[in-house]
Amino acid sequence: MIALSAASQTARKFVLVNSADGNSELTAYLPQNPSGRAIVDCPGGGYSHLAIDHEGHNWASYFNEQGIAYFVLKYRMPNGDKTLPLSDAYRAMKTVRDSASAWKINPYDVGIMGFSAGGHLASSVSTHSDWKVRPNFTILFYPVITFGSGTHEGSKVNFLGKDFRNDKDSIKAWSNQYAVTSHLTPPAIIMLANDDRAVPPVQNGMAYYSAMRRAGNDCALYIYPSGGHGFGFREEYAYHNQMLMELSTWLSNLKAPKADAIRVACIGNSITDGMGIDMRESRAYPAILQKLLGDGYNVKNFGVSARTLLNKGDYPYMKEEAWKDALAFNPNVVIIKLGTNDSKTENWKHGDEYGKDLQQMLDAIKALPSKPSIFLCNPIPAAKIWNIQDSVIVNEITPVLRKAAKKNKLTFIDLHSTFNNEDGKQMQRDGIHPTAEGAAQIAKIIASNIKK
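Residues numbered from 1 in each chain as written. Predicted model: local features only at pLDDT ≥ 70, side-chain atom pairs only at ≥ 80, totals over all residues. Heavy atoms only, no water.

Asker: Let's hear about the nonpolar core: which residues, and what values?
Answerer: Of all hydrophobic cores here, the largest spans 75 residues; its most connected members are Trp 59, Phe 63, Phe 71, Ile 139, Phe 141 and Leu 247. Residue contributions to this core peak at 6 residues, all from strand E7 (residues 188-193). Dropping the residues within four chain positions of it, Ile 139 is found in contact with Ile 39, Ile 112, Met 113, Gly 114, Ile 189, Leu 247, Trp 250 and Leu 251. Among the nonpolar cores identified, the runner-up in size contains 37 residues, and Leu 309, Tyr 317, Leu 401 and Leu 410 belong to it. (Core = buried A, V, L, I, M, F, W, Y, C linked by side-chain atoms within 4.5 Å. Buried < 20%, exposed > 50% of the residue type's maximum accessible area, 1.4 Å probe, protein only. Helix = DSSP H or I, 4+ residues; strand = E, 2+ residues; numbered from the N terminus. Contact = heavy atoms within 4.5 Å.)

Asker: Which residues make up the pattern of salt bridges, and what values do they have?
Answerer: Summed over the entire model, instances satisfying the criterion amount to 16 salt bridges. The salt bridge partner of Arg 280 is Asp 273, with a shortest N-O separation of 3.1 Å. Put simply, Lys 356 and Glu 353 hold a salt bridge, and the shortest N to O gap is 3.9 Å. By sharing partners, the salt bridges in this structure join Arg 134, Glu 321, Lys 324 and Asp 325 into a single network. (Salt bridge = Lys/Arg side-chain N within 4 Å of Asp/Glu carboxyl O.)

Asker: Run through helix H7 (residues 205-215), naming residues and quoting values.
Answerer: Gly 205, Ala 207, Tyr 208, Ala 211, Met 212 and Ala 215 are the residues of H7 that are buried. Projection of H7 onto a plane perpendicular to its axis shows the buried side chains occupying an angular sector of 165°, all on one side. Along its buried surface, H7 packs onto helix H4 (117-128), strand E6 (137-141), E7, strand E8 (219-224) and helix H10 (280-283). Directly after H7, the chain includes Gly 216, whose backbone phi takes a positive value near 80°. (Arc of directions from axis to C-beta.)

Asker: Please give an account of the packing of helix H14 (residues 354-366) against helix H15 (residues 390-408) that cites residues and values.
Answerer: The relative placement of two packed helices comes down to the angle between their axes together with the axis-to-axis distance. Contact geometry of H14 with H15 gives a least axis separation of 10 Å together with a crossing angle of 35°. Helix-helix and strand crossings are classified by hand; for H14 and H15 the assignment is right-handed. Residues Tyr 354, Gly 355, Leu 358, Gln 359, Leu 362 and Lys 366 of H14 lie in contact with H15, whose contacting residues are Ile 397, Val 400, Leu 401, Ala 404, Lys 407 and Asn 408. A breakdown of the residues in the contact of H14 with H15 according to their chemical character gives 7 nonpolar, 3 polar and 2 charged. (Axes fitted to C-alpha atoms, helices over the stretch in contact; angles between N-to-C directions. Left-handed = near helix turned anticlockwise from the far one by under 90°. Nonpolar A, V, L, I, M, F, W, Y, C, P; charged D, E, K, R; others polar.)

Take it as geometry only, folks, not as evidence of what the structure does.
This is the structure:
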């Protein structure tokens, strides 16, 4: 049996007002020996009430014993106004990050946890929030995920309102399996019971796992044979101790960057994203770059497939959420690798604006408080497919990149010349996207330039 003592592990407990009307509160449990990790908890209750003990306060000793700061959120019930619980959760995340120094918390190691409808709230924060309040990891117990068929009717009505059936856009928008995004949605663990009839696992927890897996994001799924819905922190639950051990193991293997690590933003298209590489969150070039640079760096992948640098291209990068997130990350180092999709015939007709749009991107990055070092890469060699033109990359895009690097005193990395596919193992069949081996080669080239 796992025996924990709240009195011996909790150094401080206090309550903070978390909304202007005073109806939302955040109860803090700060550990005696802080590890730097923190978790904001959202108890369930169908968005009509809160099971705030066994899905909230009763977990404090378990987390404090591991050095994890723990915060129980008493959020307001929506009654059809979803902004109430959402704003309470956003504010709780902001409070914890803003108080990181005072509470000995690593601001890059703040997670969110939710049960049932609270799991919907936690997954909503994980998929819909701005970078500054988005958690670094997510823990979901028997979560409500979908607002389509197979969900908890009360949660849906209370969150969206009684007339939700007439609002198909909102039903889809807040069915959070559709809101999962490669790289931007944080790692997650999902724990549920196979015999849960209130919130069916297949349409909910498993749907979120499937979306995470398709996106290449890190996610773990534990399904216990029985337990129904709402087991929370109940010691009489048959799989209680197994559940705690598995959650502890997952947390101990969830590595967080150091609070003072050098932040590296990788901006790019599908080659940065890792298109075609299974589990790209751990095998695309930014992930390999992280391993090569070590724990003194915090490397984040902001790649989005099919995107162009050109603002008049078919899918402009600077209109993406990833671009906003990259700036909000306030990086110390920025790696830009765009241009492959710009070379398409339908995009390069606007090629005379490439230099101007590139300068717009550079000016936005240079204006960041961190004053980052910028590494400007040209594309790797490209096959003639999807109207992509390697001759345009070599003869027109690369000279513009070189000129911009010289003008702005940046480091230019010539990937086109240094990337080598002589063994035929570095590129996928399409001749555009690197394999995992090719991604590792790109990471080595970029890492050597950063280390210089």
